[in-house]
Amino acid sequence: MKKFVCMFTLLLGASLTGGAAPLCTSGSLDNYLGLPDGCTVGDKWFSNFRFVSQGDQAPAASQVLVYVDSAEPLGLAFSSARWNLDGNDKQQSTIITYMVTVFSGPDLISGLTATATNITASGPTTGTVTLTKLLCPGGEAGCASPVVLSGYFTSTTASWLGSATWDPVPVLGVTDRVDLWTGRGTGQKRAILGGVFSNEFVQIAGGPPVVVPEPHGLGLLALGLGAFVLARRHRRV
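Note that this is a predicted model, so its numbers are computed, not measured.

Conventions adopted
- Residues numbered from 1 in each chain as written.
- Predicted model: local features only at pLDDT ≥ 70, side-chain atom pairs only at ≥ 80, totals over all residues.
- Heavy atoms only, no water.
- Helix = DSSP H or I, 4+ residues; strand = E, 2+ residues; numbered from the N terminus.
- Buried < 20%, exposed > 50% of the residue type's maximum accessible area, 1.4 Å probe, protein only.
- Contact = heavy atoms within 4.5 Å.
- Core = buried A, V, L, I, M, F, W, Y, C linked by side-chain atoms within 4.5 Å.

Student: Please give an account of the overall build of the chain that cites residues and values.
Tutor: The helix and strand inventory of the chain stands at three helices and 14 strands. Within the chain, buried positions represent 47% of all 237 residues. At a minimum sequence separation of 6, the contacts of the chain that also span at least 24 residues come to 78%.

Dropping the structure here:
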């Protein structure tokens, strides 16, 4: 069994460093959804991109911008500059799920600092923007005890920063959920979302990855956050 694991590790590293996964490039999320092998930034392999958008005026994947940050260890940043939400008592949820794997060198992921900047909830409105980040250290197996970070934005909140640490792992499942609500009342309401979301990974010396799990359960867990987010929002009204 040990011999098989070692062989699998060598084959995995050889396939990735041999160019099976292309370099990540800036563009829209729909381009990432079509990458069968994901893409790489530095020593990190981003894969298994999934996208779900639901509710009023739900954006398409082409409206989600992806920026490559070549300054390690940031990796990828997502921008919501292409979509917003208008109207009275309108709700919208957008979910992006992906995996991050350290595929070369001795580093392991032991934490993450998440930032959101230029967030706007504006207009003659009580509209809000909620960002919920679900982190699964170790991949799908880590979702049994996920790490949850959440930021809540109003017209007076423009940025947010949250961080978490855990035991070092070679694989991390990430789910970003963005919820918009325009509020209730007379007149036109608007909750504009023009933010940039980025992750700075904390790495330490460790060992190479062994297994890259499939994140089949991450999307379901992310969708399950919806009831919690919406219930909390309505309690604030």
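From this point, the narrative continues.
Student: Which residues make up the nonpolar core, and what values go with them?
Tutor: Membership of the largest hydrophobic core comes to 40 residues, with the highest contact counts inside it found for L29, F46, F78 and W166. Discounting chain neighbours no more than four positions away, the residues touching F78 are L29, F49, V64, L65, V66, I96, Y98, D176, G195, V196 and F197.

Student: I'd like to hear about the environment of L149, residue by residue, with values.
Tutor: Summarising the element assignment, L149 is placed in strand 10 (residues 147-153). Residue classification places L149 among the buried positions, given a relative accessible area of 10%. Separated by 14 residues in sequence, L149 and L135 have C-alpha atoms that sit 8.2 Å apart. Sequence-distant contacts of L149, that is, excluding residues within four places in its chain, are made with L112, A114, L131, T132, K133, L135, W160, G162, S163 and A164.

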